[in-house]
Amino acid sequence: MTQAPTPTADTVRRLVRSLLKDSPPDAGGPEVRPVAEGGGHLTWWVGTRHVLRLAGDREASVRRRRELRLRDLIRPHVPVAVPASVAQGEWTPGLAYTLDTKVPGGSAEEHDVSAVGEADLAGLLTGLREVPVRQAEALGVPRVAPRSLEALRREAGRAAELLRKADEFDPARLQQLTSPAAVQLAAQPGSAVLVHHALTGDHLVISADGRVRGVLDWTDTVVGDPAEDIAGLALAVGSPAAVRAATLAGYGARPCLRGLWLARCDTVIRLAAGLDGRAAEPLPLLRTRLRRAWEAILLERVTELRDEETDDAEL
């Protein structure tokens, strides 16, 4: 496999000058700067209105190209902005790029989501459920089987012991999720929908007044378990807000609790990996996500999940 070149500011500047014909006619062109510090610098701000996203390998190129068509399919169904591309192509042989318009706003790491913003998130979850699954799969969106919450619970239990030794987490908190409860919270047959699958704080565009203005990066989208997006929201905006948004979207207690415990187990596992130097995310972010996922909600215990009509009333 050919090693991709490392994109530099000069690489990006030359590409952007060829794409933005209406950019100011100065020698340097629009200002370019990497979105994230460190790393491979595959995402760049271009002036104040655009963002350039470079694929680092051929698999990422396939997902970038699929995302262009997928965003067009999703856009009519959701009440928030989905980025639009103004240019696409290859930045180096075999590796794709997209130049997108910037969605105005900050991230969920910078702004809290308001009550109206929770309604925006509910609209997002509702809209994703309405996207025709067959059309998404025809574009190449993969179908992914639901994760085993019981297997995740066991892995989280082992990770929690490591966190206990580091004085980061009390493993007793995981005892709320018993083995029978994990089985009860298995994903239900026929519940697969389009799932963003990466609803992190960085992918939610939030305005200063707490409204959700857009959702970024649809390259990891799958057809699968809707609880995964509820879990993602728990990491991004906290468990209470995530559950309220999912309830507004029409999800009952089972998927809400499943999403809650997916998030809680994931954050324990990821923080343990971070302490061991095996996580890409910085430790402060991992600790923040763990805190958000473990915020209390009204319905905490899995006692007896009856039919969905009763579940809806309990939430």
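Source: prediction; values computed, not measured.

1. Describing the overall build of the protein chain
Alright, step 1. Of the regular secondary structure elements, the protein chain holds eleven helices and ten strands.
Alright, step 2. Computed over C-alpha atoms, the radius of gyration of the protein chain comes to 21 Å, within 12% of the 20 Å expected from 2.2 N^0.38 for 315 residues, which places it in the range of a compact globule.
Alright, step 3. The dimensions of the protein chain, computed from C-alpha atoms along their principal axes, are 65 × 45 × 40 Å.
Alright, step 4. The buried share of the protein chain, taken over its 315 residues, is 49%.
Alright, step 5. For the protein chain, restricting intrachain contacts to residue pairs at least 6 apart in sequence, the fraction spanning at least 24 positions comes to 73%.
Alright, step 6. Surface exposure of the protein chain reaches about 15000 Å², of which carbon and sulfur atoms provide 52%.

2. Here's the deal with the sheet that holds strand β9 (residues 212-215)
Alright, step 1. On the basis of which strands lie adjacent, the open sheet formed by three strands has the order β6-β8-β9 and antiparallel pairing. Two strands bound the open sheet, and with one partner strand each, they are β6 (106-107) and β9.
Alright, step 2. Relative to strand β8 (residues 204-206), β6 runs antiparallel, the two being bridged by two bridges. Across the sheet, residue Gly106 finds its bridge partner in β8, namely Ile206.

3. A word on the packing of helix α5 (residues 149-165) against helix α9 (residues 253-275)
Alright, step 1. It is the contact of α5 with α9, at a shortest axis distance of 8 Å, that shows an interaxial angle of 40°. The angle between α5 and α9 falls in the class oblique. At the point where α5 passes α9, the crossing takes the left-handed sense. Contacts from Leu149, Leu152, Arg153, Glu155, Ala156, Ala159, Ala160 and Leu163 of α5 reach α9 at Arg258, Trp261, Leu262, Cys265, Asp266, Val268, Ile269, Leu271, Ala272 and Leu275.
Alright, step 2. Here the contact of α5 with α9 is composed, by residue class, of 14 nonpolar, no polar and four charged.

4. As for the sheet that holds strand β5 (residues 95-101)
Alright, step 1. The five strands are arranged β1-β2-β3-β5-β4 in an open sheet whose pairing can be described as antiparallel. If you trace the sheet from one side to the other, it starts and ends with β1 (32-34) and β4 (85-92), each paired once. Each neighbouring strand pair of the sheet contributes to a mean axis angle of 25°, computed without reference to strand direction.
Alright, step 2. Two elements, strand β2 (residues 43-46) and strand β3 (residues 50-54), share four bridges in a ladder whose sense is antiparallel. Following the sheet pairing, Trp44 is matched in β3 by Leu52.
Alright, step 3. Against the sheet, helix α2 (residues 58-74) touches β3, β4 and β5, its axis set at about 35° to β5.

5. What about the environment of Val32?
Alright, step 1. Here Val32 is to be found in strand β1.
Alright, step 2. The sequence separation of Val32 and Val46 amounts to 14 residues, and the corresponding C-alpha distance is 4.7 Å.
Alright, step 3. Ignoring any residue separated from it by four or fewer positions in sequence, one finds Val32 in contact with Ala9, Val12, Arg13, Val16, Trp44, Trp45 and Val46.

6. Regarding the pattern of salt bridges
Alright, step 1. Throughout the structure, instances matching the rule amount to 24 salt bridges.
Alright, step 2. One salt bridge in this structure joins Arg244 and Glu118, with 2.8 Å as the shortest N-O distance. Taken together, the positions of Arg244 in helix α8 (residues 239-248) and Glu118 in helix α3 (residues 115-130) put the pair 126 residues apart, joining distant regions of the chain.
Alright, step 3. What makes Arg244 partly exposed here is its relative accessible area of 44%.

Here is what the cut-offs are and how they apply
- Residues numbered from 1 in each chain as written.
- Predicted model: local features only at pLDDT ≥ 70, side-chain atom pairs only at ≥ 80, totals over all residues.
- Heavy atoms only, no water.
- Helix = DSSP H or I, 4+ residues; strand = E, 2+ residues; numbered from the N terminus.
- Rg over C-alpha atoms; globule rule 2.2 N^0.38 Å.
- Buried < 20%, exposed > 50% of the residue type's maximum accessible area, 1.4 Å probe, protein only.
- Contact = heavy atoms within 4.5 Å.
- Areas by Shrake-Rupley, 256 points an atom, 1.4 Å probe, with all protein chains shown as cover.
- Pairing = 2+ DSSP bridges.
- Axes fitted to C-alpha atoms, helices over the stretch in contact; angles between N-to-C directions.
- Parallel < 35°, antiparallel > 145°, perpendicular 65-115°, else oblique.
- Left-handed = near helix turned anticlockwise from the far one by under 90°.
- Nonpolar A, V, L, I, M, F, W, Y, C, P; charged D, E, K, R; others polar.
- Salt bridge = Lys/Arg side-chain N within 4 Å of Asp/Glu carboxyl O.

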